[in-house]
Amino acid sequence: MKRKPKNIAGVWSLLAVALAIVTLLSLCDELNLPGGLTLKTSGIAERLTREPELPPEEAATLSPDSLIEKMNPDTVAVAKPDTTSHNILIFGDSMLEGLTRRLAAYADENGHTLNSVIWYSSSTKVWAEGDTLRKFIKKYHPSYIFISLGGNELFIRDIAQSREKYVRKILKEIGDIPYIWIGPPNWKKDTGINDLIASCTAPGCFFLSNGMHFDRQKDGAHPTYESAALWVDSIARWMPLHAAHPIKMKKPTKATGRAASQVMLTPPK
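About the cut-offs
Residues numbered from 1 in each chain as written. Predicted model: local features only at pLDDT ≥ 70, side-chain atom pairs only at ≥ 80, totals over all residues. Heavy atoms only, no water. Helix = DSSP H or I, 4+ residues; strand = E, 2+ residues; numbered from the N terminus. Contact = heavy atoms within 4.5 Å. Polar contact = N/O pair within 3.5 Å; in protein donor to acceptor, adjacent residues only side chain to side chain. Salt bridge = Lys/Arg side-chain N within 4 Å of Asp/Glu carboxyl O. Buried < 20%, exposed > 50% of the residue type's maximum accessible area, 1.4 Å probe, protein only. Pairing = 2+ DSSP bridges. Axes fitted to C-alpha atoms, helices over the stretch in contact; angles between N-to-C directions. Core = buried A, V, L, I, M, F, W, Y, C linked by side-chain atoms within 4.5 Å. Right-handed = clockwise from strand over helix to strand, strands pointing away. Phe/Tyr/Trp six-rings, centres within 6.5 Å; stacked < 30°, edge-to-face > 60°.

A. The arrangement of the environment of serine 143 in detail. Along the chain, the position of serine 143 falls in the loop between α7 (132–140) and β5 (144–148). Taking the C-alpha atoms as reference points, serine 143 and proline 178, 35 residues apart in sequence, are found 7.0 Å from one another. Setting aside residues up to four positions removed in sequence, serine 143 forms contacts with His86, Asn87, Ile177 and Pro178. In terms of polar contacts, serine 143 uses its side chain to reach the side chain of histidine 86, at 2.8 Å.

B. Structural context of the pattern of salt bridges. In the structure shown here, the tally under the stated rule is seven salt bridges. The residue glutamate 153 makes a salt bridge to arginine 163 at a minimum N-O spacing of 2.6 Å. Note that glutamate 153 is positioned in the loop between β5 and α8 (159–174) and arginine 163 in helix α8, a separation of 10 residues in sequence. The class for arginine 163 is buried, based on a relative accessible area of 13%. Note that glutamate 164 and arginine 168 form a salt bridge whose closest N and O atoms lie 2.9 Å from each other. On the criterion of helical spacing, the pair formed by glutamate 164 and arginine 168 is a turn pair, its members being four residues apart in helix α8. Owing to a relative accessible area of 30%, glutamate 164 belongs among the partly exposed residues under this scheme.

C. Representation of the sheet that holds strand β8 (residues 261–265) in the model. In space, the six strands of this open sheet follow the order β7-β6-β5-β3-β4-β8, with parallel pairing throughout. Every other strand in the sheet has two partners, leaving β7 (206–207) and β8 as the edge strands with one partner each. Each of β3 (87–92), β4 (113–119), β5, β6 (179–182) and β8 is contacted by helix α5 (residues 96–110), which is oriented at about 175° to β4, the strand it contacts most.

D. Looking closely at the side chain of serine 122. Locating serine 122 in the fold gives a position in the loop between β4 and α6 (124–129). Take serine 122: its relative accessible area is 1%, and that puts it in the buried class. One polar contact links serine 122 to tryptophan 127, side chain to side chain, over a distance of 3.0 Å. Those residues in contact with serine 122, other than ones at most four positions away along the chain, are Gly92, Asp93, Trp127, Leu149 and Asn152.

E. Quick look at the nonpolar core. Membership of the largest hydrophobic core comes to 31 residues, with the highest contact counts inside it found for Phe91, Ile145, Ile170 and Trp181. For this core, the secondary-structure elements that each account for two or more residues are β3, β4, α6, α7, β5, α8, β6 and α9 (193–200). Take this core: its biggest share by element is six residues, from α8. Beyond its immediate sequence surroundings of up to four residues, isoleucine 170 is in contact with Phe91, Thr124, Trp127, Ala128, Leu133, Leu149 and Trp181.

F. Highlighting the pairing of β6. Neither face of β6 is open: one carries Tyr179 and Trp181, the other Ile180 and Ile182, and all of them are buried. Inspection of the sheet shows β5 paired to β6 by three bridges, in the parallel sense. Directly across from isoleucine 145, in β6, lies its bridge partner tyrosine 179. On the question of chirality, the crossover connecting β5 to the parallel β6 by way of α8 is right-handed.

G. Structural view of the packing of aromatic side chains. According to the stated counting rule, one finds seven aromatic pairs in the structure shown. Ring geometry for phenylalanine 207 against tryptophan 238: centres 5.3 Å apart, planes inclined by 80°, an arrangement best described as edge-to-face. Here the residue phenylalanine 207 occupies a position in strand β7, and tryptophan 238 occupies one in helix α10 (residues 225–242), the gap between them amounting to 31 residues. Here tryptophan 238 falls in the buried class, since its relative accessible area comes to 2%. Both rings, one in phenylalanine 214 and one in tryptophan 231, keep their centres 5.2 Å apart while their planes meet at 75°; by these two values the pair is edge-to-face. Highlighted residues: phenylalanine 214 in the loop between β7 and α10 and tryptophan 231 in helix α10, separated in sequence by 17 residues. Neither residue differs from the other here; phenylalanine 214 and tryptophan 231 are each classed as buried. Each residue in the set Phe91, Trp119 and Trp127 is aromatic and connected to the rest through ring pairs, giving one cluster.

This is the structure:
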């Protein structure tokens with residue numbers, strides 16, 4: 001006896017309805033059904049459309065210019081190109097060891113004078129609580145300032161509550177002097193120091209280093225001198241379109257230079 005063909009039209013209709021419900025749920029927050037039933041979203045749409053984070057291993061595959069654009073995407077209304085020579089002060093923690101060597105070469109190439117003050121193991125708290133910064137600003141009379149602080153504050157809890165007043169005190173001490181705050185070269189995820197500095201600094205005055213690839217010294221934290229040189233090169237390429245006050249930063253022909261004055265302060269007690 002021949003079996004009657006099964007009517008599969010009904011089955012396909014049910015599958016089509018189920019697929020439609022799943023699709024709607026992936027594109028909206030919730031779906032209200034007859035009888036007072038509410039189905040919550042699956043979260044698929046958010047995972048497919050959100051901006052991906054940039055892990056260090058991915059950052060290593062990007063070209064320097066595309067990486068800078070990825071980390072620091074905002075373009076500000078920059079001032080006219082500044083062709084004058086500047087008296088530059090760079091101050092901060094031990095990250096200055098690598099930064100100063102390369103920045104000094106830029107200073108020599110572009111007619112600037114560089115003064116460097118390294119305070120080992122220092123933090124925004126240490127710089128803000130005393131009068132050290134005020135004394136060096138008075139001593140060197142800088143017309144441009146680079147800051148490198150935050151590396152010793154990557155893992156502090158309640159960072160905004162405990163450190164914002166110090167960041168703002170430093171910026172108040174700098175006053176109207178044009179500046180760039182160079183964010184720390186994270187080796188692990190921080191608890192918010194980069195976000196804090198970015199929220200306190202003026203537009204075009206903070207360079208986000210977190211997310212860039214760095215070759216590290218044996219301590220696993222400080223970039224090698226070669227990597228620190230590339231770090232400065234990245235800042236120099238970023239400045240013309242993104243810095244609020246860009247200055248002459250033509251790439252130097254020599255790899256390193258010497259600051260006109262370099263002060264090294266012992267770690268605070």
